[in-house]
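Listed here are the chains, written in short residue letters.
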Amino acid sequence: MDEARILDAVRSPADLKVLTDEELAILAQEIREEMVSVTSRTGGHLASSLGAVEIILAVHSLIDAPKDRFVFDVGHQAYAHKLVTGRLGEFETLRSYGGISGFPKPGESPYDVHPSGHASDSLSVATGLAKARVLSGTDEKVVALIGDAALSGGMAFEALNYMGAEQLPLVVILNDNERSISRNVGALMKHLGYMRTTAEYRDARDSFQELLETSAPLGRAMVRFGKNMKESIKQMVIPHSMMFEQLGIVCTAPVDGHDIAALRETLAVCLAADAPVLMHVVTKKGAGYEPALRDPERFHGVGPFDIATGADAPKKPGPPSYTAVFGEALVREARADDRIVAITAAMEGGTGLKPFAAEFPERFVDVGIAEEQAVAMASGLAIGGKKPVVAIYSTFMQRAIDQMAIDCALPDLDVVFALDRAGIVGEDGPTHHGMFDLVYTRMIPNMRVVAPSDEAELASALRTALALGGPFAIRYPRGAAEGVPVPEDPPVLPVGVSRLLRDGDDVAILAFGCMAPRAVKAARLLAARGIEARVVDMRWVKPMDEEAIRDACDTRLIVTVEAGVIAGGAGEGVCGYLAEMGLDSPVRMLGVPDVFVPQGRADLLVDDLGLSPEGIADAILETLAEQVA
Ligand SMILES: Cc1ncc(C[n+]2csc(CCOP(=O)(O)OP(=O)(O)O)c2C)c(N)n1
Ligand SMILES: CC(=O)[C@@H](O)[C@H](O)COP(=O)(O)O
Ligand SMILES: [Mg+2]
């Protein structure tokens, strides 16, 4: 029989407070086993979560959540937090439809402070919580956990700037594992390396150790040390050359992030300081599971895998992903045009740019988690005579809408925006679905927008964007493409011209992007019910094919279908054209209604939204029936 696990007895963080360091270390091991076991079936952000186990146990053993606030950056490292805050029983449902989220989610637990998912916002949220505490005159602790890559995001710098100036009572735990999804990049990363290794810093660590030893009688409990102690921490741990100290933030010497006793000792002092403190913790991404340690990039966000070997679970063979097709098409374009520069914001693999980076390292730019920098830098490259292609997930591009509009579109610069993961992404849920890009690209003057309906169209869209110039967005979904051949030399698409996929006189389905193949299937279902549906792959979201829209008015019903929010989306665009042309035809808009779409398998979500072929056909039948009634 299995020995009883400590984990099974942990109902809430309060249960951690009675455990010794040794017991907490055993618990850390049990948590890792649980995470590996569950994610081997569900997939998930395993490597980051493995690396943060001891940090999370140390924090929850010392603070008093949910009164005290523990804020996570991205939230992809928070599985241990879920497991010690009463969600062990549901952990098996991680990231599934109706199950628990892969990220902290306020509606799911009182211990989850804000809906994490987008990087670099945790310190801003935490400064708000600390400011609220100051305004309310209360004494709750605020702790934020942020990775070394997320710390390089602009928002994090803005928050450091504010918390230092305001001297907010806030502990920032920097989880420094020298990695983003791939290796971390940038000058800050180099600075952290310097902090980890300089002699000055080693001395500071010794001083900090002394401080801890002399304060040992005060124990590990939450003791308020008062002003004198705060001053001595400052004197003892900060070499004056360090950037954080210059910002008015107390910074500890590096602490081993897998040594629970060391973490708890240092954190107790940081919490007691009741001042802006950055606790520098050094961890290993993937700690405790050999395959993840060996390949932290693959285990950053891994699908189901074999626990013994770490190998991916077998997948059905199928077409390549849109991402891979884009990456290869870009390499072909770059071979022919040396002005092309590819830019990623810390998503080299995710956006399919690895082949480009390998073949054209000098023309490949990874700015780190810094979407605004990526887009504004693209404008400068374009002014400098280059042809930047910025490949960013639809959801993360939301960070850089202003730079798209003002820095790129207003001066009408040749910048291509490759918006990957547009539409429903699946298990990552509402923070990651690409719901809004059809709105934020369409609304920007000078911008052209194409939503390719298959991989051949994607290659043509890229060729077109590079040939025509100007600000140009291409949006395509996560996952497998349609399985059509991709031409080596794709044609330039005529501007604002759609393609007819199927003719029919009863209904006109105007489909955008990946919804076009589904619309064709829906039309077949309708045909079986005696309704002939025309299917138009609209291809251009901006400018749209006015003739196709005008012609659609000859049918009984125009149906628009898009993988994005209806409000302000492509369907509303069609309605705008109709209004401008003075045409008054019945229109049914299908897409994402005014809700945040939850997590789950993409096909289930698509079904739920009524965007499967069956759902589209049903909606059309229902609307036609209403017309008759
Ligand atoms: C705004 C934004 N851009 C990109 C991402 C994708 N992303 C998620 S985690 C991650 C790397 C995070 O690295 P770090 O903060 O160091 O945490 P680690 O995984 O190393 O623990 C990236 C790029 C994101 N979630 N949000
Ligand atoms: C946490 C995060 O933001 C990324 O790791 C994201 O989950 C990647 O998504 P893909 O799996 O679609 O690349
Ligand atoms: Mg990191």
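What you see as residue numbers is a count from 1 along each chain, following the sequence as written. Here every chain gets a letter starting at A, and every ligand a number starting at 1, in the order they are written. Local features in this predicted model are restricted to residues whose pLDDT is 70 or higher, and side-chain atom pairs enter the listing and the counts only when it is 80 or higher, whereas totals over whole chains, interfaces and linings include all residues. Computation of side-chain values: all heavy atoms of the structure, hydrogens and water removed.

Visitor: What exactly am I supposed to notice about the sheet that holds strand E13 (residues 499–502) here?
Guide: Through backbone hydrogen bonds, the strands of a sheet pair up, either in parallel or in antiparallel fashion. A sheet is described by the order of its strands in space; here 5 strands give the open sequence E13-E15-E14-E17-E18, paired in mixed fashion. For this open sheet the edge positions go to E13 and strand E18 (587–592), each flanked by a neighbour on one side alone. If you compare each strand with its neighbour and ignore which way they point, the axes differ by 25 degrees on average. Inspection of the sheet shows strand E14 (residues 507–511) paired to strand E17 (residues 557–565) by 5 bridges, in the parallel sense. Residue Ile509 lies in a different strand from E17, and its bridge partner there is Val559. At least two DSSP bridges between two strands are required for those strands to pair. Strands are runs of DSSP state E lasting at least 2 residues, helices are runs of H or I lasting at least 4, and numbering of each runs from the N terminus. Interaxial angles span 0 to 180 degrees and are taken between N-to-C directions of axes, which are lines fitted to C-alpha atoms, for helices over the stretch in contact.

Visitor: Honestly, the UniProt feature "binding site: Mg(2+)" (unreviewed entry) in the protein chain in this entry has me stumped. Any pointers?
Guide: Those places that UniProt annotates as "binding site: Mg(2+)" (unreviewed entry) correspond, in this numbering, to Asp148 and Asn177. Across 30 residues in sequence, these annotated residues keep their C-alpha atoms within 6.8 Å of one another, forming a single compact spot. With respect to the element layout, Asp148 can be found in the loop between strand E2 (142–147) and helix H7 (154–166). The buried label goes to any residue with under 20% of its type's maximum accessible area, the exposed label to any with over 50%, and the partly exposed label to all in between, with areas taken from a 1.4 Å probe on protein chains only. On the basis of relative accessibility, which here comes to 2%, the residue Asp148 falls in the buried class. In contact with Asp148, not counting residues within four places along its chain, are Leu174, Asn175, Asp176, Asn177, Glu178, Arg179, Asn184 and Leu192. In protein, a polar contact requires one atom able to donate a hydrogen and another able to accept it; more generally it is a pair of N or O atoms within 3.5 Å, and residues adjacent in sequence count only if both atoms are side-chain atoms. At 3.1 Å, the side chain of Asp148 forms a polar contact with the backbone nitrogen of Arg179. With respect to the helices, strands and loops of the structure, Asn177 is situated in the loop between strand E3 (170–176) and helix H8 (187–197). The exposure class of Asn177 is buried, given its relative accessible area of 14%. The contact rule is simple, with two residues in contact once any of their heavy atoms fall within 4.5 Å. Setting aside its immediate chain neighbours within four residues, Asn177 contacts Asp148, Thr283 and Lys285. UniProt positions are given in the numbering used here, feature names are shortened, and annotations may be inferred rather than shown by experiment.

Visitor: For this particular structure, what's the right way to read the domain arrangement of the protein chain?
Guide: Accessible area lost when the parts come together is the quantity often used to give the size of an interface. Residue ranges assigned to each domain were obtained from an automatic or database domain assignment. Here the protein chain is described as being made up of domain 1 (7–294), domain 2 (322–475) and domain 3 (499–628). At the interface, 8 residues of domain 1 touch 6 residues of domain 3. Defined in terms of a 1.4 Å probe, buried area is the accessible area two parts forfeit on being brought together, summed over both. Around 450 Å² of area is buried between domain 1 and domain 3 when both sides are counted, 49% of it from carbon and sulfur atoms. Any carboxyl oxygen of Asp or Glu within 4 Å of a side-chain nitrogen of Lys or Arg constitutes a salt bridge here. On inspection of domain 1 and its partner domain 3, the count reaches 0 salt bridges. Inspection of the domain 1/domain 3 interface yields 4 residue pairs in polar contact (both at pLDDT 80 or more). Here the nonpolar group is Ala, Val, Leu, Ile, Met, Phe, Trp, Tyr, Cys and Pro; Asp, Glu, Lys and Arg are the charged ones; every other residue, Gly included, is treated as polar. Class assignment for the residues of the side of domain 1 that touches domain 3 results in 2 nonpolar, 4 polar and 2 charged.

Visitor: Sorry if this is basic, but what is going on with the side chain of Thr323 here?
Guide: With respect to the helices, strands and loops of the structure, Thr323 is situated in helix H14 (residues 322–336). Since its relative accessible area comes to 7%, Thr323 is described here as buried. In terms of polar contacts, Thr323 uses its side chain to reach the side chain of Asp420, at 2.7 Å. Residues in contact with Thr323, not counting those within four places in the same chain, are Gly349, Gly350, Thr351, Gly352, Asp420 and Arg421.

Visitor: Explain unusual backbone geometry to me, please; I cannot follow it from the model alone.
Guide: Residues other than glycine predominantly adopt negative phi, and peptide bonds predominantly adopt the trans conformation. Note that the residue after Ala65, namely Pro66, is joined by a cis bond; omega there is 5 degrees. With respect to the helices and strands, the residue Pro66 is situated in the loop between helix H4 (53–62) and strand E1 (69–72). Here the residue pair Lys542 and Pro543 is connected by a cis peptide bond, since its omega of -5 degrees sits within 30 degrees of zero. Here Pro543 shows up in the loop between strand E16 (540–542) and helix H22 (546–552). Phi at Arg421 takes a positive value of approximately 55 degrees, unusual for a residue other than glycine. The topology assignment puts Arg421 in the loop between strand E10 (416–420) and helix H19 (437–442). Judged by relative accessible area, Arg421 falls into the buried class, the value being 13%. You will see that Arg539, though not glycine, has its phi angle at about 60 degrees, which is positive. The topology assignment puts Arg539 in the loop between strand E15 (533–537) and E16.

Visitor: Is there a simple way to explain the pairing of strand E9 (residues 387–393) in this structure?
Guide: A regular strand carries its side chains on alternate faces of the sheet. Burial runs high along E9: 7 of the 7 residues are buried. Neither face of E9 is exposed, since Lys387, Val389, Ala391 and Tyr393 on one face and Pro388, Val390 and Ile392 on the opposite face are all buried. The pairing of strand E7 (residues 340–344) with E9 spans 5 bridges and is classified as parallel. In the strand pairing of E9, Val341 is matched with Pro388. For E9 and E10, the ladder comprises 5 bridges, and the chain directions are parallel. Across the sheet, Val390 pairs through a bridge with Phe417, a residue of E10.

Visitor: In this structure, what is going on with the packing of H14 against helix H20 (residues 455–468)? I would like to understand it.
Guide: A pair of packed helices is characterised by two quantities: the angle between their axes and the separation of those axes. Running from N to C, H14 and H20 cross one another at 40 degrees; their axes reach a closest spacing of 10 Å. For the element pair H14 / H20, the angle class is oblique. The two elements H14 and H20 meet at a crossing, and its hand is right-handed. Facing H14, whose interface residues are Tyr322, Val325, Phe326, Ala329, Leu330 and Glu333, H20 presents Glu455, Leu458, Ala459, Leu462, Arg463 and Leu466. Throughout this description, any angle smaller than 35 degrees is read as roughly parallel, any larger than 145 degrees as roughly antiparallel, any in the 65 to 115 degree range as roughly perpendicular, and the remainder as oblique. The hand of a helix crossing depends on one turn: near helix anticlockwise from the far one by less than a right angle means left-handed, and clockwise means right-handed.

Visitor: For this particular structure, what's the right way to read the state of the cysteines?
Guide: By definition, a disulfide links the sulfur atoms of two cysteine residues through a covalent bond. Note on disulfides: each one is a pair of cysteine sulfur atoms within 2.5 Å. Scanning the model with the defined rule gives 0 disulfides in all. Looking at the unpaired Cys270, the closest cysteine sulfur is the one in Cys251, lying at 9.2 Å. Between Cys553, a free cysteine, and Cys575, which holds the nearest cysteine sulfur, the sulfur-to-sulfur gap is 10 Å.

Visitor: Explain the side chain of Glu455 to me, please; I cannot follow it from the model alone.
Guide: Along the polypeptide, Glu455 turns up in helix H20. The positive count covers Lys and Arg only, the negative count covers Asp and Glu only, and His and the chain ends enter neither. Although Glu455 is buried, it forms no salt bridge, and the closest oppositely charged side chain is Arg499 at an N-O distance of 8.6 Å. The contact partners of Glu455, leaving out residues within four places of it in the chain, are Pro319, Tyr322, Val325, Ala481, Glu482, Gly483, Val484 and Val486.

Visitor: Can you walk me through the site of ligand 1 in this structure?
Guide: Here a residue counts as near a molecule or strand whenever at least one of its heavy atoms sits within 4 Å of it. Every one of the 22 residues lining ligand 1 counts as a neighbour, but Ser48, His76, Asp148, Lys285 and Glu371 are closest to it. Within the contact set of ligand 1, a nitrogen atom lies 2.9 Å away from a backbone nitrogen or oxygen of Gly117. In the model, an oxygen atom of ligand 1 is placed 2.9 Å from a nitrogen or oxygen of the Ala149 main chain. Looking at side-chain class alone, the shell around ligand 1 contains 9 nonpolar, 8 polar and 5 charged residues. Taken domain by domain, the shell around ligand 1 gets at least three of its residues from each of domain 1 (7–294) and domain 2 (322–475).

Visitor: Sorry if this is basic, but what is going on with the UniProt feature "domain: Transketolase-like pyrimidine-binding" (unreviewed entry) in the protein chain here?
Guide: According to UniProt, the feature "domain: Transketolase-like pyrimidine-binding" (unreviewed entry) maps to residues 320–484 in the numbering used here. Helix makes up 41% of residues 320–484 and strand 16%. Its end C-alpha atoms lie 10 Å apart.

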